[in-house]
Amino acid sequence: MLKEYRKIATIKAEQFDGSDEMIDKYGIVKENFVIDGWDPTFSIPTLEGDLAINIGDWIATGVEGEHWAIADDIFRKTYEEV
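Before going into details, it helps to say that this report is about the structure given with it. Please read these numbers as outputs of a predicted model, since none were measured by experiment.

Considering the overall build of the protein
Part 1 of the reasoning: For the protein, the helix and strand inventory stands at two helices and six strands.
Part 2 of the reasoning: Shown N-terminal to C-terminal, the secondary structure of the protein runs as helices and strands in the order β-α-β-β-β-β-β-α.
Part 3 of the reasoning: A buried classification covers 27% of the 82 residues belonging to the protein.
Part 4 of the reasoning: Residue pairs at least 24 apart in sequence account for 37% of intrachain contacts in the protein once pairs closer than 6 positions are excluded.
Part 5 of the reasoning: Charged side chains in the protein number 8 positive and 18 negative. The centres of these two groups are separated by 10 Å.

Below, the structure written as structure tokens:
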């Protein structure tokens, strides 16, 4: 039987701006090369392994201090500021 569920935990989140400060704070890896004018690529370590993150995505911090990336459009549809 299909049931509905709602998230009950509160998270902390901040929008990734590509700054060195945020890269250091979250252990983000920045690729050192740029191909044909593409923006640099980034990845953030998570409990499930490294996850791609783009400037403008959100970095969420869970109740256990874990981090994960959420695309901006998904974040805005899923979360509201408290």
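Examining the side chain of Thr61
Part 1 of the reasoning: Structurally, Thr61 is set in strand β5 (residues 58–61).
Part 2 of the reasoning: A distance of 2.9 Å separates the side chain of Thr61 from the side chain of His67, its partner in a polar contact.
Part 3 of the reasoning: When near neighbours in sequence (up to four residues on either side) are disregarded, Thr61 contacts Ile11, Lys12, Tyr26, Glu66, His67 and Trp68.

Here we look at the sheet that holds strand β1 (residues 12–15)
Part 1 of the reasoning: As summarised here, the arrangement of the three strands in space is β1-β5-β6, forming an open sheet in which the pairing is antiparallel. With partners counted over all chains shown, the strands left at the sheet margins are β1 and β6 (67–70), one partner each. Looking at each pair of strands side by side, their axes are set apart by 25° on average, direction ignored.
Part 2 of the reasoning: By the bridge criterion, four bridges tie β5 to β6 in an arrangement that is antiparallel. Counterpart to Trp58 in the pairing with β6 is Ile70.

Analysis parameters
Residues numbered from 1 in each chain as written. Predicted model: local features only at pLDDT ≥ 70, side-chain atom pairs only at ≥ 80, totals over all residues. Heavy atoms only, no water. Helix = DSSP H or I, 4+ residues; strand = E, 2+ residues; numbered from the N terminus. Buried < 20%, exposed > 50% of the residue type's maximum accessible area, 1.4 Å probe, protein only. Contact = heavy atoms within 4.5 Å. Lys, Arg positive; Asp, Glu negative; His and termini not counted. Charge placed at Lys NZ, Arg CZ, Asp CG, Glu CD. Polar contact = N/O pair within 3.5 Å; in protein donor to acceptor, adjacent residues only side chain to side chain. Pairing = 2+ DSSP bridges. Axes fitted to C-alpha atoms, helices over the stretch in contact; angles between N-to-C directions.

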